[in-house]
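Observations on the model geometry
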Amino acid sequence: MPKGIVVVDKERCKGCGLCIEACPFGVLGFSSEYNSSGYRVVYMEHPDKCTGCAVCANVCPDVALEVYRQEPTKEAA
Amino acid sequence: MSRVLMRGNEAIAEAAIRSGLKCYFCYPITPQGELVEYMAKELPKRGGVFLQAESEVAAINMVYGAAAAGVRAMTSSSSPGISLKQEGISYIAMARLPCVIVNMMRGGPGLGNIAPAQGDYFQSTKGGGHGDYHLIVLAPSTVPEAAELVRLAFDLSDRYRVPAMILADGMIGQMMEPVELPEPVDPKDIPERPWAVTGAKGRPKNVITSFDLEPEGLKEMNLVLQETYREIERNEVRWEEVETEDAELLIVAYGTMGRIAKTVVRLARQEGIKVGLLRPITLWPFPYEPVRKLAERVRTVLTVELSAGQMWEDVRLAVEGRAETPFYGELGGVVPPPKRILEEVKKHAH
Amino acid sequence: MRTEVAIPAGYKKVFGRPRALSDARSTYCPGCHHGIITRLVAEAIDELGILERTVGISPVGCAVFLDRFFNCDFVQAAHGRACAVATGIKRARPDLVVFTYQGDGDLAAIGTAETVHAANRGENITVIFVNNGIYGMTGGEMAPTTLPGQRTTTTPLGREPRLHGYPLKISEMLAQLEGPAYITRQAVFDYRHIVRAKQAILKAFRNQLEGKGFSLVEILSTCPTNWRMTPVEAGRWVAEHVVKVYPLGDLKDVG
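Residues numbered from 1 in each chain as written. Chains lettered and ligands numbered in written order. Predicted model: local features only at pLDDT ≥ 70, side-chain atom pairs only at ≥ 80, totals over all residues.

With that settled, consider the pairing of strand E7 (residues 215-220) of chain C. All names here are of chain C. Counting buried residues in E7 gives six out of six residues, a clear majority hidden from the surface. Burial along E7 is two-sided: the residues Ser 215, Val 217 and Ile 219 and Leu 216, Glu 218 and Leu 220 are all buried. In this structure, strand E5 (residues 126-131) lies alongside E7, joined through six bridges in parallel fashion. The residue of E7 that forms the bridge with Thr 126 is Ser 215. (Buried ≥ 20, exposed ≤ 12 C-beta atoms within 10 Å, placed from the backbone. Helix = DSSP H or I, 4+ residues; strand = E, 2+ residues; numbered from the N terminus. Pairing = 2+ DSSP bridges.)

Following this line, the structure appears as structure tokens:
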């Protein structure tokens, strides 16, 4: 499985929790941080489980998530 | 130039087409049916779009869309239909969209009847829709004048980005007179519309809206409207005076009533009564100054309308006690003959 | 702003902000499906490469601020009138891509006549219908599409068909007409449905580009705030209850 990275735009996140629910691998969780609007922002609680599938970004209503996925290496291809 | 015998409704339509009208949206209502029919036949032949909408509400919103997209757009209706359009007109006014709205007034209020009346003066000049806005209101009194004012309506509307209304009535709409039609406008003479929604290619996006949640922002939008209205008041007042130089009694009347009043002036003068007429052509902006100036010289300013007295209030505002301001009105679509008005004049002339 | 993360070599971006979407901060409530739907429309505009000739029409409702969120020309319509405004724009400039984005009150209450007749005329426009069975912007009143028994501020004891009528099936009604080319109902409560909804939106825009005519995508949506649910609960409510009254799928498709 490729590895993935989710970048959170903390000011756009509204702490709605849809991404946490949608993630098939339980990568995301609520952090202890609040943004300037008073929302609790999400973060990668288990980053090593992320495959870069981008389901989280697809369900995010605020386009607060950017997803990066590891490109296949020559050996894996 | 050739003169053509035309019905008022048709002359207005033809004049609009010759003014570069691109989109006409309508709903049938008496007494402007012939305007609709003429547009249906002619407009598509001359490169325009005709669409009969499902209601006057839909029609005015289609005008809003077409005007937003940067084309010359128009609708026509009669009193009850114009009531339906008030929401749309308020939006058009605030969004600063040019367009022409024709009201062939009929008896009211309510369903009323289809006879000529002037009961929509308040509606046209004092708002009608919600908020602080004005329309440029032009009141023809003959068929040829109606055709002329249609061209002016499109030009003024474009120049100031203010919707313009042709306020006529069933009499003008139905009667036939010889009309000298204007030459078709050169498309190059129609002002550019850099603010229109034509697709944001190579420019920042344009947003046509009447909405600003921030009070300071909405205030700014309103101030722009108000500044525009002051400019129109300075530059675009139009009226006609008949035999006012030595008048002792002044009649103020517009539209069909203005035309009848011309006959009254002639009849009165034949009997030695010094009567003059001031016929407002722009009802908004109203000719307050010209009326005030004459009120300083005459004893009586008699307002005559096919209503219970609507323009009468503006006349009294202008006169401000300088002369007596009696009123004669007819209701229900009743149109008085000149002799009836002459009796009224004699009552007040000393 | 963004979490400062250094992306290592060998990673490529697989999800980012659509070009059609502006940088403006979303005004929708947390978890509201409007946000997903707005983004899907932006993605469709990007994929079809039509941003520079698109004109959007914003409704009255929670999406009244829609013009802020897009990088294309926009026109604000009066409540319910978007389909008439769209007709005016499209008839004046058929070369532009015109879309409306309307809620259940805008499209199926006050705007019913304008919606039905634009559909009946087969106006070559794209209509995005966000149906969350409630009036969100004004604080939670009953909508034509509110479910029986659902409590709203104007049905505090729950919607009673005897008094308030049954949920209006406007899409089913429109699908009966000759005019429309494509009427479909979708949802965005999970990833699979989001993918399908996006395809439907793409098709609705493509139909306009191909001159096929009136295309409407109804999307069942949530209102966590006025439904008094968490965003996750609200999504589940749509998946378990709303779809029973408003089944998903294509109601009309001329192909």
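Back to the write-up after that little detour.
This next bit is on the interface of chain A and chain C. Counting residues at the interface gives 30 residues for chain A, matched by 31 residues for chain C. For the side of chain A that touches chain C, the secondary-structure elements that each account for two or more residues are strand E1 (4-8), helix H1 (18-22), helix H2 (55-59) and strand E4 (65-70) of chain A. At five residues, the largest contribution of residues to the side of chain A that touches chain C is made by E4(A). When grouped by side-chain class, the residues that make up the side of chain A that touches chain C number 15 nonpolar, five polar and 10 charged. Bridge count for E4(A) against strand E1 (residues 11-15) of chain C is four bridges, and the pairing is antiparallel. Directly across from Arg69(A), in E1(C), lies its bridge partner Lys12(C). (Contact = placed C-beta atoms within 7 Å. Nonpolar A, V, L, I, M, F, W, Y, C, P; charged D, E, K, R; others polar.)

By a frequent convention, interface size equals the accessible area lost on bringing the separate parts together. Listed per partner, the contact involves 33 residues of chain B and 26 residues of chain C. Here the side of chain B that touches chain C takes eight residues from helix H3 (residues 56-68) of chain B, the largest share from any one element. For the side of chain B that touches chain C, the per-class residue count stands at 19 nonpolar, nine polar and five charged. In the sheet, strand E9 (residues 207-208) of chain B pairs with strand E3 (residues 73-76) of chain C via two bridges, with the strands oriented parallel. Pairing of Ile208(B) across the sheet is with Val75(C), part of E3(C).

A separate point is the sheet that holds E5(C). Hydrogen bonding along the main chain pairs the strands of a sheet, whether they run parallel or antiparallel. If you trace the eight strands from one edge of the open sheet to the other, you get E9(B)-E3(C)-E2(C)-E4(C)-E5(C)-E7(C)-E6(C)-E8(C), paired in mixed fashion. Edge positions in the sheet fall to E9 of chain B together with strand E8 (249-253) of chain C, since each of these pairs with one other strand and no more. Sheet topology note: the strand E2 (residues 54-58) of chain C/E3(C) ladder contains four bridges and is parallel. Bridge pairing in E3(C) links Ser58(C) to Gln76(C). Each of E2, E3, strand E4 (97-103) and E5 of chain C is contacted by helix H3 (residues 82-92) of chain C, which is oriented at about 175° to E4(C), the strand it contacts most. (Axes fitted to C-alpha atoms, helices over the stretch in contact; angles between N-to-C directions.)

What follows covers the domain arrangement of chain B. Residue and element names in this part refer to chain B. Partitioning chain B into domains gives domain 1 (3-194 + 209-235) and domain 2 (240-348). In this structure, domain 1 and domain 2 have C-alpha centres spaced 27 Å apart. Listed per partner, the contact involves 28 residues of domain 1 and 21 residues of domain 2. If you list the elements that add at least two residues to the side of domain 1 that touches domain 2, you get helix H5 (121-125), strand E6 (136-138), strand E7 (164-169), helix H7 (170-174) and helix H8 (215-235). Tallying contributions element by element places H5 first for the side of domain 1 that touches domain 2, with four residues. Of the residues that constitute the side of domain 1 that touches domain 2, the class distribution is 16 nonpolar, nine polar and three charged. (Domains from an automatic or database assignment.)

Okay, H3(B) next. All names here are of chain B. Under the 1.5 Å per step criterion, the end-to-end length of H3 is 18 Å for 13 residues, consistent within 8% with the ideal 18 Å. When you tally the buried positions in H3, you get 13 out of 13 residues, the bulk of the element. Looking one or two residues past H3, Gly 70 carries a phi angle of roughly 95°, positive in sign. (Expected span 1.5 Å × (residues − 1).)

Before going further, it helps to spend a moment on the pairing of strand E11 (residues 249-252) of chain B. Residue and element names in this part refer to chain B. Burial of E11 is two-sided: the residues Leu 249 and Ile 251 facing one way and the residues Leu 250 and Val 252 facing the other way are all buried. Each parallel crossover has a hand, and for E11 linked through helix H9 (residues 255-270) to strand E12 (residues 275-280) it is right-handed. Bridge count between E11 and strand E14 (residues 300-305): four bridges; the pairing is parallel. Residue pairing for E14: Val 252 is matched across the bridge by Thr 303. (Right-handed = clockwise from strand over helix to strand, strands pointing away.)

Here two pairs of chains are in contact, and chains B and C lead that list by number of contacts. If you take every C-alpha in chain A and every C-alpha in chain B, the smallest gap between them is 19 Å, and the two do not touch.

With that settled, consider the nonpolar core. Within the largest apolar cluster, 226 residues are counted, with the highest numbers of intra-cluster contacts made by Cys56(A), Ile166(B) and Ile89(C). Looking at this core, the element that brings in the most residues is H3(B), giving 10 residues. Shared between two domains, this core takes at least three residues from each, and those domains are domain 1 (3-194 + 209-235) and domain 2 (240-348) of chain B. If we skip the residues at most four places from it in the chain, Ile166(B) touches Ile12(B), Val100(B), Val102(B), Leu138(B), Pro140(B), Ala146(B), Leu149(B), Val150(B) and Ala153(B). (Core = buried A, V, L, I, M, F, W, Y, C linked by C-beta atoms within 7 Å.)

On to the sheet that holds strand E4 (residues 73-77) of chain B, then. Ordered in space as E3-E2-E4-E5-E7-E6-E13 (chain B), the seven strands form an open sheet in which the pairing is mixed. With partners counted over all chains shown, the strands left at the sheet margins are strand E3 (49-52) and strand E13 (282-284) of chain B, one partner each. Across the sheet, the mean angle from the axis of one strand to that of its neighbour is 20°, orientation sign disregarded. Two strands pair when backbone bridges link them, and strand E2 (residues 23-26) of chain B and E3(B) are joined in this way by four bridges, in the parallel orientation. What sits directly across from Phe25(B), in E3(B), is Leu51(B). Here H3(C) sits on the sheet in contact with E2 and E3 of chain B, set at roughly 150° to E2(B).

For the rest of this paragraph, the subject is the packing of H3(B) against helix H4 (residues 79-95) of chain B. Geometrically, a packed helix pair is captured by the angle between its two axes and the distance between the axes. Residue and element names in this part refer to chain B. Axis separation between H3 and H4 bottoms out at 8 Å; the angle between their running directions is 25°. In terms of their interaxial angle, H3 and H4 are classed as roughly parallel. The chirality of how H3 crosses H4 is right-handed. Contacts from Glu 56, Val 57, Ile 60, Asn 61, Tyr 64 and Ala 67 in H3 reach Gly 81, Leu 84, Lys 85, Gly 88, Ile 89, Tyr 91 and Ile 92 in H4. Residues belonging to the contact of H3 with H4 are distributed by class as follows: eight nonpolar, three polar and two charged. (Parallel < 35°, antiparallel > 145°, perpendicular 65-115°, else oblique. Left-handed = near helix turned anticlockwise from the far one by under 90°.)

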